[in-house]
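A closer look at the structure
As a plain string of letters, each chain reads:
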Amino acid sequence: MRYFSALILAALVCAVPGAHSQTQPDQPVRTKHAMVVSIHHLATDAGVEMMREGGNAVDAAVATGFALAVVDPAAGNLGGGGFMLIHFSAGPDAGKNTFLDFRERAPQAATTNMYLDANGNVVPRESITGFKAIGVPGSVAGLVYAEQKYGKLTLAQVMAPAIRLAADGYVLSTEEAKDLHASNLTKFPVSRHKFQRDGNFYQPGEFFRQPVLAATLRTIAADPNDFYHGAIAKKLVADIRKGGGIMTLDDLARYSVKERPPVVGTYHNYTIVSAPPPSSGGVVLIEALNILDGYNLGRWPDRSPEEMHLILEAYRRAYMDRNDYLGDPDYVKIPEAQMLSQSYAAAWRNSIKNDEATPSSELKRPEGFLPPPPTMGQVRHESTQTTHYSVMDPEGNAVAVTYTLNNGFGSGVTAEGLGFLLNDEMDDFASKQGAPNMFGLIQGPADSIAPGKRPLSSMTPTIVLENSPDNDPKKAKVRYVLGSPGGSRIITTVANVFLSAADEGLNIQQAVDAPRFHMQYQPDVVYLEDGFPEATMNRLRSMGYALKVGGHWSDAECIAVDPTTGELLGGHDRRHSFGKAAGF
Ligand code: DON
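A brief report on the enclosed structure follows. (Residues numbered from 1 in each chain as written. Predicted model: local features only at pLDDT ≥ 70, side-chain atom pairs only at ≥ 80, totals over all residues. Heavy atoms only, no water.)

1. Focus: the pattern of salt bridges
Summed over all chains, the structure comprises 28 salt bridges. We note a salt bridge from lysine 149 to glutamate 259, for which the minimum N-O separation is 2.9 Å. Linking lysine 149 in helix α4 (residues 139–150) with glutamate 259 in strand β9 (residues 258–260), this pair joins segments that are 110 residues apart in sequence. Residue classification places glutamate 259 among the partly exposed positions, given a relative accessible area of 27%. Taking the shortest distance from any N to any O, the salt bridge between aspartate 513 and arginine 574 comes out at 2.2 Å. Within this pair, whereas aspartate 513 is found in helix α18 (residues 508–513), its partner arginine 574 is found in the loop between β20 (568–571) and β21 (580–583), the two being separated by 61 residues in sequence. Its relative accessible area of 11% is what places arginine 574 among the buried residues. By sharing partners, the salt bridges in this structure join Asp101, Lys258, Arg260, Asp330 and Arg454 into a single network. (Salt bridge = Lys/Arg side-chain N within 4 Å of Asp/Glu carboxyl O. Helix = DSSP H or I, 4+ residues; strand = E, 2+ residues; numbered from the N terminus. Buried < 20%, exposed > 50% of the residue type's maximum accessible area, 1.4 Å probe, protein only.)

Written as structure tokens, this is what we have:
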């Protein structure tokens, strides 16, 4: 999982041919009209190219999404799933927000205990590596749906850059070549064949061409239905079944994108628009911000122990609720309005002690607000690697996309004859009550496995609007487009970036660069990236926090809008060397 490995920041800025270089290291990239920020410079270019050709932010987002499936194989994908959040600033939909859910689904043959052995123990890695870990992919359906409903260009136009990159190839940087050594890739012959050249690892500076993937992309561009109903579907299912997986043609044929209302909250003078269930991202983010709205965080310096204490306690409480209540809303009743009410936030705030951590084991949910968490009987059972990118177009429309294969290169399985990797999203379910998943999340019955169900996600594509003086929602202006990978650490990454920018006056590049801190209720540990002063860490310890320090995680690719000039400010995450913020 490359996002959890230690990286040396200094080495990051200069490694890639064509990567954007910034003259002022802590200044964002400024453009007047349009901006794409993504983890790969070629995928950013693909999006910008669409807007130069007259496309809107959705066209750019779809082009970037397909391009990432080629140039960022660890996370960009055709065989995974994700979410797209859109805010329309112009045209008949001005002021509207919408959310496309193209999360993977459990196959119909999935069962609650499918990853347990005869003694009821989780079979190690079965939900993570190999054919059994694969959920029904949603990315192709999601990107095509977005293009056909909200784009201005044709599918062939927005897929052209991806097809070109797959067919002609691109040069691998040091970091990218090293990523292809991942152990889950070397396990599977088809993946080895695709990601190695004649049995040898690619070297930095070599061209990486993907002719089989190019052919698949051409087929999709000509007939997107082929992926779920045609020759691609047949090949994919035959390959998965040969490898021992359970997906069927019927699973693919049943897949559908869900367009859902985003979850919406407020923080000071901002409207927060974010990912609804089956993501936990928006609910947890807004619940934490509701708790924090009662403090004036700006009176403390950014990342001072006093401020971090309040933020960590808000995270602790919101993650406790996440684990107990959240899951696929088509299967479980979620008390969302109660979870996001101001009175509930005030009750949680009252439980936060001055300068003292509340051990998770002693945390008691305020009574009288939420119903008891669902039990197995109340949940319907019938029927790292992720990437985020942000886009704004000349009309002010904003798109935030986070999509994923789950951990780096997903299940490790490349579909034979099709050239794309498949996800291991089944691990986002609770394989066993009380047992942590890959991200240490202990999730409840709400996230148990069931046929057709979408696993609970932490992906948090978020758009923040600044309210107008008369609070007319139609006049609210986009201020931030935010998101990141990082598993359970996604939500706190987004919150960290937002709070530093909104409350502490950091520009978006500084907010993205600042060392991150995370807590998720269980385990009762505060994770700190490298870069916190010793004095801060000692003060946090004296408040009762157990700290785990080291490394870097996630990859926030964000946009801010300068409220005075209207310029777009791109903050690319320099924890990775090959991304770029660019536009015109
Ligand atoms: O949906 C989720 O929450 C996870 N599958 C995301 C995985 C992820 O961010 C991995 N990257 N570090």
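2. Some words on the pairing of strand β4 (residues 97–102)
β4 sits mainly inside the fold: six of its six residues count as buried. Side-chain alternation along β4 places Asn97, Phe99 and Asp101 on one buried face and Thr98, Leu100 and Phe102 on a second face that is also buried. Here strand β3 (residues 81–87) pairs with β4 via six bridges, running antiparallel. Across the sheet, the residue bridging to phenylalanine 83 is aspartate 101, located in β4. (Pairing = 2+ DSSP bridges.)

3. Quick word on the sheet that holds β20
Strands in a sheet are paired, the pairing made by backbone hydrogen bonds, and the direction either parallel or antiparallel. Pairing in this open sheet of seven strands is antiparallel, and the strands run β1-β20-β19-β15-β14-β11-β10 from one edge to the other. Whereas interior strands pair on both sides, the edge strands pair on one side only; in this sheet they are β1 (29–31) and β10 (263–267). The sheet shows a mean angle of 25 degrees between the axes of neighbouring strands, direction not considered. Alignment of strand β14 (residues 462–466) against strand β15 (residues 477–482), held across five bridges, turns out to be antiparallel. Its bridge partner lying in β15, threonine 462 is registered against leucine 482. On the sheet, helix α13 (residues 281–292) packs against β10, β11 (270–274) and β14 and is oriented at approximately 20 degrees with respect to β10. (Axes fitted to C-alpha atoms, helices over the stretch in contact; angles between N-to-C directions. Contact = heavy atoms within 4.5 Å.)

4. Here we look at the pairing of strand β12 (residues 386–392)
For a regular strand, the rule is simple: side chains alternate between the two faces of the sheet. Most of β12 sits inside the fold, with seven of its seven residues counted as buried. With burial as the criterion, each face of β12 is covered, one bearing Thr386, His388, Ser390 and Met392 and the other bearing Thr387, Tyr389 and Val391. For strand β2 (residues 35–38) and β12, the ladder comprises three bridges, and the chain directions are antiparallel. Within β12, the position partnered with valine 37 by the bridge is serine 390.

5. Overview of the packing of aromatic side chains
Under the definition given, this model contains 19 aromatic pairs. Joined through ring pairs, the aromatic side chains of Tyr170, Phe195, Tyr202, Phe208 and Phe409 make up one cluster. Sitting over the face of the ring of tyrosine 202, arginine 197 holds its NZ or CZ atom 5.8 Å from the ring centroid. The cationic tip of arginine 489 hangs over the ring face of tryptophan 553; the distance from NZ or CZ to the ring centre is 4.5 Å. (Phe/Tyr/Trp six-rings, centres within 6.5 Å; stacked < 30°, edge-to-face > 60°. Lys NZ or Arg CZ within 6 Å of the ring centre and 35° of its normal.)

6. A few points about the layout of surface pockets
Remark: the empty space left among the atoms is shown by a probe the size of a water molecule rolled over them. The volume enclosed by the second largest pocket comes to roughly 410 Å³. Forming the boundary of the second largest pocket are 25 residues, of which Met392, Gly396, Lys477, Val478 and Val561 lie nearest the centre. With three residues, the single largest contributor to the lining of the second largest pocket is β15. Of the residues assigned to the lining of the second largest pocket, the class counts are nine nonpolar, seven polar and nine charged. (1 Å grid on protein atoms, 1.4 Å probe; cavity = no way out; pocket = protein on both sides within 12 Å on 5 of 7 lines; lining within 4 Å. Points joined across faces, edges and corners; volume = space filled by probe spheres on them. Nonpolar A, V, L, I, M, F, W, Y, C, P; charged D, E, K, R; others polar.)

7. Some points on unusual backbone geometry
Here the amide bond leading from proline 277 into proline 278 is cis, since omega sits at 20 degrees, within 30 degrees of zero. Here proline 278 is to be found in the loop between β11 and α13. A positive phi angle, close to 60 degrees, is found at arginine 303, a residue other than glycine. Its location among the elements puts arginine 303 in the loop between α13 and α14 (305–325). A relative accessible area of 9% places arginine 303 in the buried class. In this structure, asparagine 471 is a non-glycine residue whose phi angle is positive, near 60 degrees.

8. Some points on the sheet that holds β2
The seven strands are arranged β9-β4-β3-β13-β12-β2-β21 in an open sheet whose pairing can be described as antiparallel. Taken across any chain shown, the strands that pair with only one partner, and hence form the sheet edges, are β9 and β21. Direction aside, the axes of adjacent strands within the sheet are offset by 15 degrees on average. Relative to β21, β2 runs antiparallel, the two sharing four bridges. By the bridge assignment for β21, serine 38 is matched with lysine 580. Helix α3 (residues 57–71) contacts β2, β3, β12 and β13 (398–404) of the sheet and is inclined by roughly 155 degrees relative to β12. Relative to β4, α4 is tilted by about 150 degrees, and along the sheet it contacts β3, β4, β9, β12 and β13.

9. Things to note about the environment of valine 391
Within the element layout of this structure, valine 391 appears in strand β12. Discounting residues that sit within four places of it in the chain, valine 391 has contacts with Met35, Val36, Met51, Ala57, Ala60, Ala61, Asn397, Ala398, Val399, Val481 and Ile559.

10. Description of the packing of α13 against helix α17 (residues 490–502)
Two numbers describe how α13 lies on α17: the axes approach to 9 Å, and their chain directions differ by 45 degrees. Considering the angle they form, α13 stands oblique to α17. As for the relative orientation of α13 and α17, their crossing is right-handed in sense. In this structure, α13 uses Gly281, Val284, Leu285, Leu289 and Leu292 to contact α17, whose residues at the interface are Ile491, Val494, Ala495, Phe498 and Leu499. The residue inventory of the contact of α13 with α17, partitioned by class, reads nine nonpolar, one polar and no charged. (Parallel < 35°, antiparallel > 145°, perpendicular 65-115°, else oblique. Left-handed = near helix turned anticlockwise from the far one by under 90°.)

11. Considerations on the environment of proline 436
Mapped onto the fold, proline 436 is located in the loop between β13 and β14. Spatially, the C-alpha atom of proline 436 lies 9.5 Å from that of proline 523, the residues being 87 residues apart in sequence. For proline 436, the contacting residues outside a window of four places in its chain are Leu441 and Ile442.

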